[in-house]
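Remarks on the overall topology
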Amino acid sequence: NSFVARTNTCGELRSAHVGQKVTLYGWVQYQRQGLFLVLRDFQGLTQVVIPQDEAHSHLKELLSNAPLESVVRVTGTVSPRPLGQENPKMPTGDIEVKAETAEILNSCKKLPFEIKDFIKKSEVLRMQYRYLDLRSSRLQSILRLRSRLVMRMREYLCNLHGFVDVETPTLFKRTPGGAKEFLVPSREAGKFYSLPQSPQQFKQLLMVGGLDRYFQVARCYRDEGSRPDRQPEFTQIDIEMSFVDQAGIQRLIEGLLQHSWPEERGSIVTPFPSMTYEQALAEYGTDKPDTRFGMKIVDIGDVLRGSNIHFMQNALSYPQGSIRAICIPQGARYLTNKDLESLKESAKSQFNQEIMEIIRRPDGSLKSLLTKFLGEKEKSELIQALNMQEDDVVLLAAGEHKQVCSALGALRLLSANLLEAAGLALRDPTAFHFLWVVDFPLFLPKAENPTELESAHHPFTAPHPSDASLLYSDPTKVRSQHYDLVLNGNEVGGGSIRIHNAQQQRFVLEKVLKEDSEVLSHLIEALELGAPPHGGIALGLDRLISLIVDAPSIRDVIAFPKSFRGRDLMGNAPDYVTPEELEPYHIQVSWPLEEKEAKKN
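What counts, and at which threshold
Residues numbered from 1 in each chain as written. Predicted model: local features only at pLDDT ≥ 70, side-chain atom pairs only at ≥ 80, totals over all residues. Heavy atoms only, no water. UniProt positions renumbered as here; feature names shortened; annotations may be inferred. Buried < 20%, exposed > 50% of the residue type's maximum accessible area, 1.4 Å probe, protein only. Helix = DSSP H or I, 4+ residues; strand = E, 2+ residues; numbered from the N terminus. Pairing = 2+ DSSP bridges. Salt bridge = Lys/Arg side-chain N within 4 Å of Asp/Glu carboxyl O. Axes fitted to C-alpha atoms, helices over the stretch in contact; angles between N-to-C directions. Left-handed = near helix turned anticlockwise from the far one by under 90°. Contact = heavy atoms within 4.5 Å. Nonpolar A, V, L, I, M, F, W, Y, C, P; charged D, E, K, R; others polar. Expected span 1.5 Å × (residues − 1). Parallel < 35°, antiparallel > 145°, perpendicular 65-115°, else oblique. Domains from an automatic or database assignment. Core = buried A, V, L, I, M, F, W, Y, C linked by side-chain atoms within 4.5 Å. Phe/Tyr/Trp six-rings, centres within 6.5 Å; stacked < 30°, edge-to-face > 60°. Lys NZ or Arg CZ within 6 Å of the ring centre and 35° of its normal.

As recorded in an unreviewed UniProt entry, the chain goes by SYDM protein and comes from Pycnonotus jocosus. Looking at the Sequence similarities (unreviewed entry) heading of the UniProt record, one finds this comment for the chain: "Belongs to the class-II aminoacyl-tRNA synthetase family. Type 1 subfamily."

Below, the structure written as structure tokens:
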């Protein structure tokens, strides 16, 4: 209550305050028949008794007629509630304030929706009136938890480990590769700034500058269009260190999260387990495995290698061919035929992968189109390899290794959702399973042109020391010093040890990625002028907070988020500007024909 006119907040009065004269400020949450009202502020609720005697008739009229969500000042005396009228659900439920004077500071007109957590509001309406939505206890709690967590992170990094908090520029230039960047016109004809996707180049240059340890709560920008649960502007905890290796970064982040983790969410155990990219793909079908439940992908190629099933033999004849399966526990009991068909259709439409099902009946026998092609020995080995119990359902796929694993990985998650919707508890919503995924490939084939390569992480990532020579002979086989931090199946951080050798950086850009290295000439020159070995990581703050508080979307943990299509529904941004405003930037808008006609009308 320092610096303000109130004596107390609406959430702090208790029995110990009885008899004290207090002044409260807040919003009218509820009013009942002119007898009392409930006043709310950021900290809680207090019941205010409206006087009924003639001497206070003006006060009674004022408070009885105050519209909900009006801003009010009330001065009165704290009293115990009458016996039997205490409210154990309210922290202030043992007392009430008997109003003596009051003032309506701002009367509220009719609201577009009620400010109550249990009232369902459409997300469009909530974002249009975000300043009203922010009054909800849920959002207030999330934003305050976010603030505390960031403060604890600053404390750990700056006070305990000597990091320097540095702000890096928002206006910069285009970076080759990676996500699309937002362009900002300049007054020089044809020249544009770019909003950085991350402070990647700057933090490396800070290491060249000898700062040794850098961190920033960084605003980042990516023009990713209408991607679900992404934001065009977002926040990351950005970190870079000199003279560090991968294990050092991992230990730092584990300590950082342990130090800043909210007490009310329990404790987290370190060190976090680690898994290679190849293992993650083989066992979970993804590079961000949700390890809160089993249902791992199992290689059953050896079991079925001797079978007479044509499509399986065909799959195994290819160098990257494989036969794999997942076992859905109690699938026959909890999943309908429609569910199983939807799973198979999903694999077909998303991955062009055919799926066969095998069900273990209560009598122990197997039900499948495949069983007539399998001998008793193969059936027995299959049951053993997949640890099949009664009523379990196996989904089997054969084909190219990565495609098979990716399809089964997606089906594993879809199956878990279906099982939980049907009442089988698989994933503990209060559990937090962290995992490091390491040894990523340095390069991947481009989706649009598989003969060309792109960086799996970014073009500044160093090759694995054991694979450094392969960079010049067979770059597709090079592993990287890139590491991701995964939490409950979501990537919450990613980083790498960087290339600090100018010649190697130029080779990666020009020869492997076929990029114009001139765009990065400033960075390459810096690497030639005494660059130390260095590495770093960035944690996605929005995603991390949304997982900690179990929010359905990252939009629920950002004060003023953009919509699914990247629009600010409250301020109606982006918006049109006049030709006169564009003139200094040497830009003219070329309107689509239908919009030209609409503007004329």
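Quick look at the pairing of strand 22 (residues 534–540) now. Counting buried positions over the 7 residues of strand 22 gives 6, a clear majority of the element. As paired strands, strand 10 (residues 233–242) and strand 22 are joined by 7 bridges and run antiparallel to one another. For Ile-237, the partnering residue across the bridge sits in strand 22 and is Leu-539.

Turning our eyes to something else, we now look at the pattern of salt bridges. The final tally for this structure, using the stated rule, is 38 salt bridges. Residues Arg-126 and Asp-133 are paired through a salt bridge, measuring 2.8 Å at the closest nitrogen-oxygen approach. Like Arg-126, the residue Asp-133 is buried in the burial classification. Among the ionic pairs, Asp-439 bridges to Arg-479, the shortest N-O distance being 3.7 Å. With Asp-439 in the loop between strand 17 (434–438) and strand 18 (443–445) and Arg-479 in the loop between helix 14 (470–473) and strand 20 (482–487), this pair connects stretches of sequence that are 40 residues apart. You can call Arg-479 partly exposed: its relative accessible area is 29%.

Before going further, it helps to examine the packing of helix 11 (residues 337–351) against helix 13 (residues 401–421). For the pair helix 11 and helix 13, the least separation of the axes is 10 Å and the interaxial angle reads 145°. Helix 13 is crossed by helix 11, and the crossing has right-handed handedness. Here Asp-339, Leu-343, Ser-346, Ala-347 and Phe-351 of helix 11 come into contact with helix 13, specifically with Gln-403, Ser-406, Ala-407, Ala-410, Leu-411, Leu-414, Ser-415 and Leu-418. Here the contact of helix 11 with helix 13 is built from residues that sort into 8 nonpolar, 4 polar and 1 charged.

The terminal C-alpha atoms of helix 4 (residues 137–161), which comprises 25 residues, lie 35 Å apart, in line with the 36 Å expected from a rise of 1.5 Å per residue. Of all the positions in helix 4, only Leu-139, Ile-142, Leu-145, Arg-146, Leu-149, Val-150, Met-153, Tyr-156 and Leu-157 are classed as buried. On its buried face, helix 4 is in contact with helix 3 (130–133), strand 9 (213–221), strand 10, helix 6 (246–260), strand 22 and helix 17 (541–548). At the C-terminal side of helix 4, Gly-162 shows a positive phi close to 70°.

Before going further, it helps to spend a moment on the sheet that holds strand 4 (residues 71–80). Strand order in the closed barrel made by the 5 strands is 1-2-3-5-4, with mixed pairing throughout. Here the strands of the sheet are splayed against their neighbours by 55° on average, with no regard to which way each runs. The pairing of strand 4 with strand 5 (residues 95–106) spans 10 bridges and is antiparallel. Counterpart to Thr-77 in the pairing with strand 5 is Lys-98. Against the sheet, helix 1 (residues 57–64) makes contact with strand 1 (21–32), strand 2 (36–41), strand 4 and strand 5, and its axis sits at roughly 75° relative to strand 5, the strand it touches most.

Checked against the element boundaries, Val-492 lands in strand 21 (residues 490–497). Setting aside chain neighbours within four positions, we find Val-492 in contact with Leu-485, Leu-487, Ala-538, Leu-539, Gly-540, Arg-543, Leu-544 and Leu-547.

What follows covers the pairing of strand 1. Bridge count between strand 1 and strand 4: 7 bridges; the pairing is antiparallel. Bridging from a neighbouring strand, Tyr-25 pairs with Arg-73 of strand 4. Pairing of strand 1 with strand 2 involves 5 bridges; the strand directions are antiparallel. Note that in strand 2 the partner of Tyr-30 across the bridge is Val-38.

Now for the packing of helix 4 against helix 6. Remark: helix 4 packs on helix 6, axes separated minimally by 8 Å, with the N-to-C direction vectors making an angle of 130°. Put simply, helix 4 runs oblique to helix 6. Seen along the crossing, helix 4 lies across helix 6 with a hand that is right-handed. Note on element contacts: helix 6 touches helix 4 through Leu-252, Gly-255, Leu-256, Leu-257, His-259 and Ser-260, opposite Leu-149, Arg-152, Met-153, Glu-155, Tyr-156, Leu-157 and Leu-160. Here the contact of helix 4 with helix 6 is composed, by residue class, of 8 nonpolar, 3 polar and 2 charged.

Moving on to the sheet that holds strand 13 (residues 321–328). Sheets are built from strands paired through backbone hydrogen bonds, the pairs being either parallel or antiparallel. If you walk across this open sheet you meet the 5 strands as 12-13-16-14-15, and the pairing is antiparallel. Among the strands making up the open sheet, the edge pair consists of strand 12 (298–299) and strand 15 (366–367). Against the sheet, helix 11 engages strand 13, strand 14 (356–360) and strand 16 (393–400), with an angle of about 150° to strand 14.

The next thing to look at is the domain arrangement of the chain. Structurally, the chain comprises domain 1 (15–106), domain 2 (140–275 + 433–556) and domain 3 (293–422). With centres defined by C-alpha atoms, the gap from domain 1 to domain 3 works out at 64 Å.

Counting 41 residues, the largest nonpolar core has Ile-239, Ile-253, Leu-257, Phe-434 and Leu-485 as its most contacted members. Those elements giving two or more residues to this core turn out to be helix 4, strand 10, helix 6, strand 17, strand 20, strand 21, strand 22 and helix 17. Ranked by residues supplied to this core, first place goes to helix 4 with 7 residues. In this structure, Ile-355, Ile-359, Leu-408 and Leu-419 belong to the second largest nonpolar core, which totals 22 residues.

So, on to unusual backbone geometry. With an omega of 0°, the peptide bond running from Thr-270 to Pro-271 counts as cis. Here Pro-271 is to be found in the loop between helix 6 and strand 11 (274–276). Here the amide bond leading from Ala-573 into Pro-574 is cis, since omega sits at 0°, within 30 degrees of zero. You can see Pro-574 is positioned in the loop between helix 17 and helix 18 (579–582). The backbone phi angle of Asp-391 is positive, close to 70°, even though this residue is not glycine. By the secondary structure assignment, Asp-391 is in the loop between helix 12 (376–386) and strand 16. Note on Asp-391: relative accessible area 15%, which makes it buried. The backbone of Asn-572 sits at a positive phi, close to 55°, despite the residue not being glycine.

Per the stated rule, a full pass over the model turns up 10 aromatic pairs. Considering the side-chain rings of Tyr-129 and Tyr-131, the 6.2 Å spacing of their centres and the 75° angle between planes classify their relative orientation as edge-to-face. Ring geometry for Trp-261 against Phe-432: centres 5.0 Å apart, planes inclined by 80°, an arrangement best described as edge-to-face. Pair noted here: Trp-261 is in the loop between helix 6 and strand 11 and Phe-432 is in the loop between helix 13 and strand 17, with a separation of 171 residues, a long-range link. Here Trp-261 matches Phe-432 in class, with each residue buried. Chaining the aromatic ring pairs together yields one cluster made of Trp-261, Phe-272, Phe-432 and Phe-434. Its guanidinium or amino end placed over the ring of Phe-293, Arg-427 lies 5.4 Å from that ring's centre, counting from NZ or CZ.

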